[in-house]
Protein chains: 2
Amino acid sequence: MVGEAKSRLNAALRDRGYRVTLQRSIIMETLEGLAGHVSVEDIYARVRERFPQVNISTVYRTLELMEEAGLAVHTHFDDGVAKWHRAEEGAHQHLVCRRCGQELELDLDVVEPLAEQLRARYGFQPDIAHFAIVGVCRSCSERAQ
Amino acid sequence: MVGEAKSRLNAALRDRGYRVTLQRSIIMETLEGLAGHVSVEDIYARVRERFPQVNISTVYRTLELMEEAGLAVHTHFDDGVAKWHRAEEGAHQHLVCRRCGQELELDLDVVEPLAEQLRARYGFQPDIAHFAIVGVCRSCSERAQ
DNA sequence: GAGCTTATTGCAAGCCTTTGCGAAAACTTG
DNA sequence: CAAGTTTTCGCAAAGGCTTGCAATAAGCTC
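Read on for an overview of the structure.

Thresholds applied
Residues numbered from 1 in each chain as written. Chains lettered and ligands numbered in written order. Predicted model: local features only at pLDDT ≥ 70, side-chain atom pairs only at ≥ 80, totals over all residues. Heavy atoms only, no water. Contact = heavy atoms within 4.5 Å. Buried area = accessible area lost by both parts, 1.4 Å probe. Salt bridge = Lys/Arg side-chain N within 4 Å of Asp/Glu carboxyl O. Polar contact = N/O pair within 3.5 Å; in protein donor to acceptor, adjacent residues only side chain to side chain. Helix = DSSP H or I, 4+ residues; strand = E, 2+ residues; numbered from the N terminus. Nonpolar A, V, L, I, M, F, W, Y, C, P; charged D, E, K, R; others polar. Pairing = 2+ DSSP bridges.

Re the interface of chain B and chain A
Taken residue by residue, the interface counts 32 residues in chain B and 32 residues in chain A. With both sides pooled, the region where chain B packs onto chain A buries about 2,600 Å², and carbon together with sulfur makes up 68% of that total. The largest share of the area that chain B buries against chain A comes from B:Tyr122, B:Phe124 and B:Phe131, three residues that together contribute 24% of it. If you look at where chain B meets chain A, you find two salt bridges. With a closest N to O distance of 3.2 Å, B:Arg98 and A:Asp127 form a salt bridge. For the pair chain B and chain A, the number of links is eight residue pairs in polar contact (both at pLDDT 80 or more). Secondary structure elements with two or more residues in the side of chain B that touches chain A: strand 4 (93-97), strand 5 (103-106), helix 5 (112-122), strand 6 (125-126), strand 7 (133-136) and helix 6 (138-143) of chain B. By residue number, the principal contributor to the side of chain B that touches chain A is helix 5 of chain B, which donates six residues. Looking at side-chain class alone, the side of chain B that touches chain A contains 21 nonpolar, six polar and five charged residues. Of the strand pairs in this sheet, strand 6 (residues 125-126) of chain A and strand 7 of chain B are connected by two bridges, and their pairing is antiparallel. When the sheet's bridge partners are listed, A:Pro126 is paired in strand 7 of chain B with B:Gly135.

Limitation: the analysis is restricted to geometry and does not speak to function.
Right, here's the structure in full:
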């Protein structure tokens, strides 16, 4: 199973004409093994357990590659930090409360009508989930009264 | 008129219990005198013409203050750089093409239905225009064929 | 599997932004 | 207007991310 994932990931690289390196394999396996949203720092920490001399810029570059290959997705949250997740987990929109930092996950259905508008009216293909939506959550706005 | 703007801005500070300093006055006047979207660097450059020893962190802090006071607004574009504009210019949404970098300005009407959904269904008060919407513009997606 | 070409890596530096801290300036009071 | 209090400022450092460059390693060819 581990071997299966490894060869699948390596094939994804080779199919695109990219070279298979130990760094890339480890980084890709690491993200595949993590559920939910993780920061680059999280991934870097795990990767270093197996390959201490790897540089964090290689992690950034490999994640970018995985995104290009449709294996990974990243979203920017309000604090500016990007978080990554496996593409298989599916796209979704995030609401972030600017007061308490709470994060809500949203089905893409809710934003699809807007996406459709942008395509129809402007010919613009939006990647709406790329940024979280900032605002104030219910409990924080009630607390403000 | 310059004097009028100055005292209005200084009053905005005093009303909130903030101190009026030369740095703040100059930074606030500078943003008021600039139309459209400007980066912190743009503002900093102008401010330095009048007050060379001012530090850029003071510019950041003053802009934050202006936002709190409802005098300024900032938006994050895809390249991570924030751009500022006077609050009076009104809120609007931005579409940014990830290929060519082109920026489209959008009336808030287009995103209002989504905002309404988020308020109704989640009690979440979104600040939708805080982040630009990333995607691929019409000409870039046609060029890709 | 040795040699060659070219992609990839690690490193260092840089960009944009935020933050802790001591020094300096603004307001307040007598 | 002098002294005291409290905010604000400049500076330096740090955080998250990107990039240029020389050294290294992957993959190709024979």
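Structure shown, so let's carry the discussion forward.
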